[in-house]
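Structural description and commentary
One-letter residues, chain by chain:
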Amino acid sequence: MSTVESRPLIGAGISRVDGPRKVTGTAPYPMDFSVPGQAYGALVQSTISAGRIVRMHTGEAEGAPGVLCVLTHENAPKVGTGPTSVLGASPPPPLRNDRVVHHGQHIAFVVAETPEQATAAARLVQADYEATEPLLDLQDPRAEHVVDPWGMDTSRGEPAAALESAEVTLRAMYTTADNTHNPLGLFATLAVWEGDTLTVHDTSQWPSMVRTTLATVFGIPESAVRVLVPFVGGGFGSGLRVWPHVILTAMAARLTKRPVKLVLTRPQMFTSVGHRPSGVQWLSVGVTRDGDLVALDHRSLSSLSMEDNDYEPYTAGTAFAYACPHVITQDQQARINVAVPTSMRAPAEAQGNFALESALDELAWTLGMDPLELRLRNHTDVDPRNGLPWSGKALLECYEVGARRFGWSDRIPEPRSMRDGNWLVGYGMASAMFPHFAQPCAAQATVNSDGSALVRSAATDIGTGTYTVMAQLAAEELGLPLDQVRFDLGDSDMPNSTMAGGSGLTGALGNAVHNACRRLVRSFAELAHGDAESPLLGVPPDGVECTDGRIHPAGRPDRGESYVDILARHGLSELTANGNSTPPDAETLGMSPAGAYGAKFVEVRVDADLGLIRIARVVSAIDGGRILNAKTARSQIVGGTVGGIGMALYEDTVTDPRTGRIANGTLADYLVAVNADIPELDVIFVGEPDRATPTGTKGVGEVGLVGIAPAIANAVYHATGKRLHTLPITLDALL
């Protein structure tokens, strides 16, 4: 069974189906929800980075107007620890003891009748501390190191010997800053208990995980928890965990027997919902004089909080980025007194790619070789880890199309050789890759008696266009007009979904929707197959197609009948089918599932006197497999590119080296790229549908950011002759 091959919807740049609700202000975000009788929460945060609480002073706050309760470690009920997910362990439960491990840690939670009363009372809570000296320097020798945290360190060949004998070697250290996600929407939680049943509105990229975690923490069945997240105001990875403030809100609602709502402040977003960890990388590369890679030694050290774990394998991508016989990759983490790090858009790969692609550019200059030619020489069509071909890799096409579109051949190779008045002009490029990531996912498809369809899954749409692309996919599979299909998400009572993260949702959910719709069409075909009144009598269920709400024999649109007729004749108001997807396995496929690839080309202008950097042009050529919606996919690459520019030039979460306090924890002080910083961004999609899955998609949420920072750094070198190994690249570094 199949739909017609013309597929007019898949790939089309269709505007978001949820767009009208967003532009009219009727799309409900977590902080928009309210229920009758709700109270409001406010956090109290520690003012030291390390030590213990000797005494909490809550009396004045408890007597303040409107206050219902003040929770501290001295009176908070003990709760369980959340489960381990594919991203690692849950954050530690809140208020479990008197220990303080970072500045801004939640040490009390105030609940009052109004948000203003809660905030005012929170300022009255005081703590006496026994402070100790915090560890704040990533490379402090006293810091505990976690070695090979995820068992992902790799080694092949003899890298040490190969480096020693290489004709040309490069050894360099690279540092990347702590970045903070800063989605526009502040994180919010509204918790409502009805007996032992809990309903939560939460800012989350993974409602199913929130349900599982809250059930575990409060010792109730998962069926007693419902998590609602119809819209999310951005996340970038910060919504992939159940943070302590979510548990505190639910805890307070249970104790007060009132619904409780909490909205984080912008400064609290810097300490409560994760950040990209700072890191140091050491990279040694050996090549022949002709530019063939012979050895790669890539090691990293990244920041980790004292009582949590974070999945951030900086060097993992180096193991399979290029053809190289001798490779070693090793990651370590250092426990210091900082707020919990977490995944941030293109986690680990953004940092690791910066080091690798900067080093390759530097080697190209050393060899007198075009940086693009060096990458072409070391391209691999097989996965170096297992020798299997990739399920889809159009990186060579990305290089070719991107270079032509950018005009790479017009570049004058020598640094400081291109000028426009007082502006030094530089061209830089980098390869980009984000590895394949998929998790099990489920979906449900229903066709109603009026011929319309409803498809559902407990996913979230964090602005990527999930509502739209899944409606497109379902409409194509069911042979229905797009306006006859509705896709619902954001409710943990729907079929279990994986996270909106790791560039894995479109693939996992798309395959589940594909499977559900195919099963639903088969169910209709089976009803008609044995029906003497049906024109499909005797037609094998595998031999049908769907067009314009009708099922017909393949190639025979003149013979068939509508969903409406089949349902009516069998006395049914609807027909439903469930579908699922599982991650593809390399050994079973006979090929390695490939992630997305890209080639990034950047032109920068640097003021010769002042060191000011301006981005003039960016061309991103992307292999994203089958593109379900060119408009939303381009938007993802544009957004990722903006994030990459921010990472390269602006973003740096500054921690006071004495106190551990974040010094720029507001959007007035933390620099992000704004419209004036961004030129016209050119995005080109190349390649074919990926062979690993039925839908042929790859995630494009993260590959847009990867490669931008090194391409900018490489362009700055071409413009100025100064090689910078630290992000962000600041004006003073160029003067």
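Bear in mind that the values here come from a model prediction, so they are computed numbers and not experimental data. Here the residue numbers are simple positions, counted from 1 along each chain's written sequence. Side-chain atom pairs in this predicted model are given and counted only at pLDDT of 80 or more, local residue features only at pLDDT of at least 70, and totals for whole chains, interfaces and linings cover all residues. As a convention, hydrogens and water are excluded, and side-chain values are obtained from all of the structure's heavy atoms.

Helix and strand assignments come from DSSP, with helices taken as H or I runs of at least 4 residues and strands as E runs of at least 2, each series counted from the N terminus. Counting its regular elements, the protein contains 18 helices and 28 strands. For the protein, whose C-alpha radius of gyration is 27 Å, the value lies close to the compact-globule estimate of 27 Å for 735 residues. Once the C-alpha set of the protein is aligned to its principal axes, its extents read approximately 80 × 75 × 50 Å. The contacts of the protein with a sequence gap of at least 6 include a subset with a gap of at least 24, amounting to 81%. Values of accessible area rely on a 1.4 Å probe in the Shrake-Rupley scheme; residue burial ignores everything except the protein chains shown. Looking at the protein as shown, the accessible area adds up to about 26,900 Å², and 51% of this sits on carbon and sulfur atoms. Counted as positive: Lys and Arg. Counted as negative: Asp and Glu, with His and the chain ends omitted from the count. Note that the charge is assigned to NZ on lysines, CZ on arginines, CG on aspartates and CD on glutamates. Counting 57 positive and 81 negative side-chain charges, the protein places the centres of these two groups 2 Å from one another. Computation of the radius of gyration draws on C-alpha atoms, with the globule rule given as 2.2 Å multiplied by the number of residues to the power 0.38. Throughout, a contact is declared for two residues whenever any of their heavy atoms are within 4.5 Å.

Turning to the pattern of salt bridges, a few remarks are in order. A pair can form between side chains of opposite charge whenever their charged atoms are brought close. Any carboxyl oxygen of Asp or Glu that lies within 4 Å of a side-chain nitrogen of Lys or Arg is treated as forming a salt bridge with it. Under the criterion given, the structure shown has 35 salt bridges. Across the salt bridge formed by R385 and D383, the nearest N and O atoms sit 2.8 Å from each other. The class for D383 is buried, based on a relative accessible area of 1%. Residues joined by salt bridges that share partners form a network here, namely D420, E603, R605 and R617. Working definition: with a 1.4 Å probe on protein chains only, accessible area under 20% of the residue-type maximum means buried, over 50% means exposed, and in between means partly exposed.

Let us now look at a nonpolar patch on the surface. On the surface, L667, V672 and V674 cluster together into a nonpolar patch covering about 220 Å² of accessible area. Within the element layout of this structure, L667 appears in the loop between α16 (630–649) and β28 (681–686). Of the residues examined, L667 reaches a relative accessible area of 42% and is grouped as partly exposed. Patch membership is restricted to residues that have no salt bridge and whose relative accessible area is over 30%. Joining uses 9 Å for like charges and 5 Å for the nonpolar side chains Val, Leu, Ile, Met, Phe, Trp and Tyr.

Expected helix span is given by 1.5 Å per residue-to-residue step, counting one fewer step than there are residues. Between its first and last C-alpha atoms helix α5 (residues 207–218) spans 17 Å; for twelve residues at 1.5 Å apiece the expected length is 16 Å, and the two agree. By the criterion of burial, α5 is predominantly enclosed, with eleven of the twelve residues buried. P207, S208, M209, V210, R211, T212, T213, L214, A215, V217 and F218 are the residues of α5 that are buried. Among the structural elements, β10 (188–194), β11 (197–202), β12 (225–228) and α6 (244–256) are those in contact with the buried residues of α5. Taken from the residues just after α5, G219 is the one with a positive phi, measuring 65 degrees.

Attention now goes to the environment of T119. Mapped onto the elements of the fold, T119 is located in helix α3 (residues 115–122). T119 gets classed as partly exposed once you look at its relative accessible area, which sits at 36%. Sequence-wise, T119 and A42 are 77 residues apart; in three dimensions their C-alpha atoms are separated by 5.5 Å.

The next point concerns unusual backbone geometry. If a residue is not glycine, its phi is most likely negative; likewise, a peptide bond is most likely trans. The step from L727 to P728 runs through a cis peptide bond, and the omega angle for that step is 0 degrees. Its place among the elements puts P728 in the loop between α17 (708–720) and α18 (731–734). Even without being glycine, D148 reaches a positive phi, approximately 45 degrees. Tracing the sequence through the fold places D148 in the loop between β7 (145–147) and β8 (154–156). Residue class for D148 comes out partly exposed when judged on its relative accessible area of 26%. Positioned with a positive phi, S503 is a non-glycine residue whose angle comes to about 55 degrees. Counting through the fold element by element, S503 comes out in the loop between β21 (485–488) and α13 (505–529).

Bringing the sheet that holds strand β26 (residues 596–607) into the picture now. Two strands pair under a simple rule: DSSP has to find at least two bridges between them. Read across the sheet, five strands follow the order β17-β18-β26-β27-β28 without closing on themselves; strand pairing throughout is mixed. Among the strands making up the open sheet, the edge pair consists of β17 (419–420) and β28. In the sheet, β17 pairs with strand β18 (residues 423–434) via two bridges, with the strands oriented antiparallel. Note on β18: the bridge partner recorded for D420 is W423. In this analysis, axes come from line fits to C-alpha atoms, helices being fitted only over the stretch in contact, and the angle between any two N-to-C directions falls in the range 0 to 180 degrees. Against the sheet, α16 engages β27 (613–623) and β28, with an angle of about 125 degrees to β28. α17 rests against β18, β26 and β27 of the sheet, and its axis sits at about 155 degrees to β18.

In this section: the sheet that holds strand β6 (residues 126–131). If you trace the three strands from one edge of the open sheet to the other, you get β4-β2-β6, paired in antiparallel fashion. Since the sheet does not close on itself, it has two edges, and those belong to β4 (99–100) and β6, each with one partner. As defined by bridge partners, strand β2 (residues 51–57) adjoins β4 across two bridges and the pair is classed as antiparallel. Each bridged residue has a counterpart across the sheet, and for R52 the counterpart in β4 is R99.

Quick look at the packing of helix α12 (residues 466–478) against α13 now. Viewed as axis vectors pointing N to C, α12 and α13 meet at an angle of 30 degrees, and their least axial separation amounts to 9 Å. One element, α12, and the other, α13, form an angle in the roughly parallel class. Considering only the axes of α12 and α13, their crossing is right-handed. Counted together, T466, M470, L473, A474, E477 and L478 of α12 and L505, T506, L509, G510, V513, H514, C517, R518, L520 and V521 of α13 form the full contact between these two elements. Put simply, Ala, Val, Leu, Ile, Met, Phe, Trp, Tyr, Cys and Pro go in the nonpolar bin, Asp, Glu, Lys and Arg in the charged bin, and everything else, Gly too, in the polar bin. The residue makeup of the contact of α12 with α13, split by class, is ten nonpolar, four polar and two charged. Relative orientations are named as follows: roughly parallel for angles under 35 degrees, roughly antiparallel for angles over 145 degrees, roughly perpendicular for angles from 65 to 115 degrees, and oblique for any other angle. Working rule for handedness: look at the near helix, and if it is turned counterclockwise from the far one by less than a right angle, call the crossing left-handed; if clockwise, right-handed.

All right, on to the environment of G368 then. Here G368 is to be found in the loop between α9 (349–367) and α10 (371–377). Given a relative accessible area of 68%, G368 falls into the exposed group. For the pair G368 and N75, spaced 293 residues apart in sequence, the C-alpha separation works out to 68 Å.

Glancing now at the side chain of T318. Summarising the element assignment, T318 is placed in helix α8 (residues 318–321). For T318, a relative accessible area of 3% puts it in the buried group. Not counting residues within four places of it along the chain, the set of residues in contact with T318 comprises L296, H298, V327, T329 and L356.

Looking now at the packing of α5 against α6. With their axes 11 Å apart at the nearest point, α5 and α6 run at an angle of 50 degrees to one another. Taken together, the axis directions place α5 and α6 in an arrangement best described as oblique. Crossing of α5 against α6: the hand is right-handed. Contacts between α5 and α6 involve L214, V217 and F218 on the former and, on the latter, V246, I247, A250, M251 and R254. Partitioning the contact of α5 with α6 into residue classes produces seven nonpolar, no polar and one charged.

To continue, consider the packing of aromatic side chains. Stacked, tilted and edge-to-face are the three classes applied to pairs of Phe, Tyr and Trp rings, where Trp contributes its six-membered ring and a pair requires centres within 6.5 Å; stacked means planes under 30 degrees apart, edge-to-face means over 60, and tilted covers the rest. The full count for this structure, using the stated rule, is 14 aromatic pairs. Measuring from ring centre to ring centre gives 5.9 Å for Y174 and F354, while their planes differ by 85 degrees; the resulting arrangement is edge-to-face. Linking Y174 in strand β9 (residues 168–176) with F354 in helix α9, this pair joins segments that are 180 residues apart in sequence. The pair Y174 / F354 is uniform in exposure class, with both members buried. Ring centres of F320 and W390 lie 5.9 Å apart, and the angle between their planes is 50 degrees; on these two criteria the pair is classed as tilted. Linking F320 in helix α8 with W390 in the loop between α10 and α11 (395–406), this pair joins segments that are 70 residues apart in sequence. For W390, a relative accessible area of 4% corresponds to the buried category. Three or more aromatic residues link up through ring pairs in this structure, and these residues are F406, W408, Y427 and F601. A positively charged side chain is recorded as over a ring if its NZ (Lys) or CZ (Arg) lies within 6 Å of the ring centre. The angle to the ring normal must also be within 35 degrees. Over the ring of F320 we find R385; its NZ or CZ atom is 3.8 Å from the centre of that ring.

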